[in-house]
Amino acid sequence: MANIKSQIKRIKTNEKARLRNKSVSSSIKTAVRKFRDAVSAGDAAVISAELRTASQALDVAVQKGVLHRNSAANKKSSMAKAASKASAR
């Protein structure tokens, strides 16, 4: 454990940020997993709803600084591509 007062405070704030980041990234993973399940099921209405939900989760992660904006854009792009491919079947 640190002896310096400012370092003790940094440890506490880092732990809070770590837990917040973990929660947001977990919600992203859940949303993307639900989207992939919808794509494998093949229902177009569910796919579009899950795509919207996952995109919103990615946008929230970018706003909170958990995910880089280009990383989120790449994920959203690949999901949109998969959704259009699944709806074309």
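Thresholds applied
- Residues numbered from 1 in each chain as written.
- Predicted model: local features only at pLDDT ≥ 70, side-chain atom pairs only at ≥ 80, totals over all residues.
- Heavy atoms only, no water.
- 1 Å grid on protein atoms, 1.4 Å probe; cavity = no way out; pocket = protein on both sides within 12 Å on 5 of 7 lines; lining within 4 Å.
- Points joined across faces, edges and corners; volume = space filled by probe spheres on them.
- Helix = DSSP H or I, 4+ residues; strand = E, 2+ residues; numbered from the N terminus.
- Nonpolar A, V, L, I, M, F, W, Y, C, P; charged D, E, K, R; others polar.
- Core = buried A, V, L, I, M, F, W, Y, C linked by side-chain atoms within 4.5 Å.
- Buried < 20%, exposed > 50% of the residue type's maximum accessible area, 1.4 Å probe, protein only.
- Contact = heavy atoms within 4.5 Å.
- Salt bridge = Lys/Arg side-chain N within 4 Å of Asp/Glu carboxyl O.

(A) Examining the layout of surface pockets more closely. Empty space within the largest pocket amounts to approximately 180 Å³. Together, Ser25, Ile28, Lys29, Val32, Phe35, Arg36, Val39, Leu67, Lys75, Ser78, Met79 and Ala82 line the largest pocket. Of all the secondary-structure elements, those providing two or more residues to the lining of the largest pocket are α1 (5–41) and α3 (69–88). At seven residues, the largest contribution of residues to the lining of the largest pocket is made by α1. Across the lining of the largest pocket, the residue classes tally to seven nonpolar, two polar and three charged.

(B) Highlighting the nonpolar core. Counting residues in hydrophobic clusters, the biggest one holds 18 residues, and the most contacted among them are Ile28, Phe35, Ile47, Leu58, Leu67 and Met79. Looking at this core, the elements that each hand over two or more residues are α1, α2 (44–64) and α3. Per-element accounting of this core gives the leading share, seven residues, to α1. Each residue touching Met79, except ones within four places of it in the same chain, is listed here: Val32, Phe35, Leu51, Ala54, Ser55 and Leu58.

(C) Inspection of the pattern of salt bridges at higher detail. The final tally for this structure, using the stated rule, is two salt bridges. Linking Arg18 and Glu15 is a salt bridge whose minimum nitrogen-to-oxygen distance equals 2.8 Å. Of this pair, Arg18 and Glu15 both sit in helix α1, three residues apart, which is roughly one turn of the helix. The class of Glu15 is partly exposed, set by a relative accessible area of 36%. Between Asp59 and Lys76 there is a salt bridge, with its nearest N and O atoms 2.7 Å apart. Separated by 17 residues along the polypeptide, Asp59 in helix α2 and Lys76 in helix α3 bring together distant segments of the chain. On the accessibility criterion, Asp59 (34% relative accessible area) is partly exposed. Owing to a relative accessible area of 26%, Lys76 belongs among the partly exposed residues under this scheme.

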